[in-house]
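Listed below, chain by chain, are the residues.
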Amino acid sequence: MKRHEVEPVARVGKDTLELGPSRAEELKWKIRGLASVGVAASRPRLQWHLESLGDGGDLRRVPIRPLPFRIGRGQGLELMLPSGSVSKVHAEIYEAEGSLRLRDLESTNGTFVNGQVIKDAGIREGDVLHFADFEFRLGAPAPEEPEEAPATLSLGRPRLPNRFVPGTRELKELLREAAITTVFQPIVLMSGGAPTAYEVLGRGRHPGLPETPLELFRIAESMGAEAELSRLFRHKAVELVRHRTDLPTLFLNTHPAELSGPGLLESLEELRGLAPHLDLVLEIHESVLTRPAALAELRRLLSESNIGLAYDDFGAGQARLLELSEAPPHYLKFDRRFVAGIDQPDLANRRRLLRSLVGIANDLRVKTVAEGIETAGEAEACRQIGFSHGQGFHLGRPVLADQL
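What counts and how
- Residues numbered from 1 in each chain as written.
- Predicted model: local features only at pLDDT ≥ 70, side-chain atom pairs only at ≥ 80, totals over all residues.
- Heavy atoms only, no water.
- Helix = DSSP H or I, 4+ residues; strand = E, 2+ residues; numbered from the N terminus.
- Expected span 1.5 Å × (residues − 1).
- Buried < 20%, exposed > 50% of the residue type's maximum accessible area, 1.4 Å probe, protein only.
- Pairing = 2+ DSSP bridges.
- Right-handed = clockwise from strand over helix to strand, strands pointing away.
- pLDDT = per-residue confidence, 0-100.
- Contact = heavy atoms within 4.5 Å.
- Axes fitted to C-alpha atoms, helices over the stretch in contact; angles between N-to-C directions.
- Parallel < 35°, antiparallel > 145°, perpendicular 65-115°, else oblique.
- Nonpolar A, V, L, I, M, F, W, Y, C, P; charged D, E, K, R; others polar.

Visitor: Quick question: what am I supposed to make of helix α3 (residues 226–241) here?
Guide: Since there are 3.6 residues in each turn of an α-helix, residues three or four apart along the chain are aligned in direction. Helix length check: α3, at 16 residues, gives a terminal C-alpha distance of 24 Å against a target of 22 Å (1.5 Å per residue), a fit within 8%. Three or more residues of α3 are buried, namely E226, A227, L229, S230, L232, F233, R234, K236, A237, V238 and V241.

Written out as structure tokens, the structure is:
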């Protein structure tokens, strides 16, 4: 069989690359039998792909055909990986009972599915596959185009392996089925300890995924779904308490990606229509506080929907005093790193700094929230510094909606 070298030459879309011609002739994909993935002849055939990341972060797609699809460093295989860590005939993808399977062919350095070494295992969309230290993701099937396939594809060694995040298939299911819930953590008045608001915190409910939002967003970011997940958490929270008329303010989180794309204001208008009586505040992260004019416009638009604005994790990167003065929010939430151990004798300079920052916020008529208060000593120090509100395990742990 003739061997072709394949190089990505032009970006076509967000997640595919056009493969250019070889030195001798343009690559053509060969039409194969309809039984490659068990699709009936009367229907459009579906073509699975192995997805890999190029050095520049571009996503390349290698069609899995014909079956069995053999991978290794040897000549004449369907996919050649020229590396000493890959065995000559390392593994193969084949079809059994209408499904794809991956079989290790007694390789030296192993074949892995989602980080687990395998001998023979079924594989599904989104699975992360490793052949020694080469990483691929099984791409979703799409209608196959009637083109010819080369005998061998040769991919060079990636500089940064292990960049795919497992769990993308399960996260799609979570989003589709809304398999989440939310918990509510109290924000209390420092002067008396009474809850005056609740921050909404998302939790996953998919059996194949972690519960924590940090891990869920890490997976979502790998597939460009972070804004969708953020909107789902907000919608679920309002849906859970829309019938309540006795709740104080609800703080709803955003993901930074939402501030640079469409859909944020529309999602908030939907929430306002879902529960017009609820008092809502939108939290945005300090990292997006770079354009005071845009923030001032965001505050104006939110006010039209009777939604407040809070800057979250203030001081996590840098205290953006210019943005604070030109586009003051309704609430300023100070990052936990300011608060941790603030009652200790050797942190007098930090207490003076916090007292100055809280004073500036007071002058701007901005309410201040100390995040992450975990001890009575930290709570007392924050009261003395002048924080108007506090949040943390010492003041109240997150609870489910029916426990409010």
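Visitor: Which parts of the structure should I look at to understand unusual backbone geometry?
Guide: Trans peptide bonds make up the majority, and among non-glycine residues the majority have a negative phi. In the segment running from R65 into P66, the intervening peptide bond is cis, with an omega of -5 degrees. You can see P66 is positioned in the loop between β4 (59–63) and β5 (69–72). Looking along the chain, the bond that leaves L67 and enters P68 is cis, with omega of 0 degrees. With respect to the helices, strands and loops of the structure, P68 is situated in the loop between β4 and β5. Although it is not a glycine, N114 sits at a positive phi angle of roughly 50 degrees. Tracing the chain through its elements places N114 in the loop between β9 (111–113) and β10 (116–117). Backbone geometry at N306 places phi at a positive 60 degrees, although glycine is not the residue there. Note that N306 resides in the loop between α5 (292–304) and β19 (307–314).

Visitor: Quick question: what am I supposed to make of the pairing of strand β17 (residues 249–253) here?
Guide: Along any regular strand the residues' side chains alternate between the sheet's two faces. Summarising burial for β17: 4 of the 5 residues are buried, a large majority. Note that strand β16 (residues 195–204) and β17 share 3 bridges and pair parallel. Bridging across to β17, Y198 finds its partner in L250. As defined by bridge partners, β17 adjoins strand β18 (residues 280–285) across 4 bridges and the pair is classed as parallel. Looking at β18, one finds that N253 is bridged to E283. Regarding topology, helix α4 (residues 264–274) serves as the crossover connection from β17 to the parallel β18, and that connection is right-handed.

Visitor: Quick question: what am I supposed to make of the confidence of the model for the protein chain here?
Guide: For residues with low pLDDT, the predicted coordinates do not support detailed interpretation. Scored by pLDDT, the protein chain has a mean of 82; 80% of the residues are at 70 or more. For residues 1–44, every residue scores under 50 in pLDDT, and the model assigns this stretch 92 contacts once sequence neighbours within four places are set aside.

Visitor: Before we go on, may I ask you to explain the packing of α3 against α4 in this structure?
Guide: To characterise two packed helices, one gives the angle between the axes of the helices and the distance between these axes. Look at α3 against α4: their axes get within 10 Å of each other, and the N-to-C directions meet at 10 degrees. If you check the angle between α3 and α4, you find them roughly parallel. Contact with α3, carried on its side by R231, R234, H235, V238 and E239, involves L264, S267, L268, E270, L271 and L274 of α4 and no other residues of that element. Residues that form the contact of α3 with α4 fall into these classes: 5 nonpolar, 2 polar and 4 charged.

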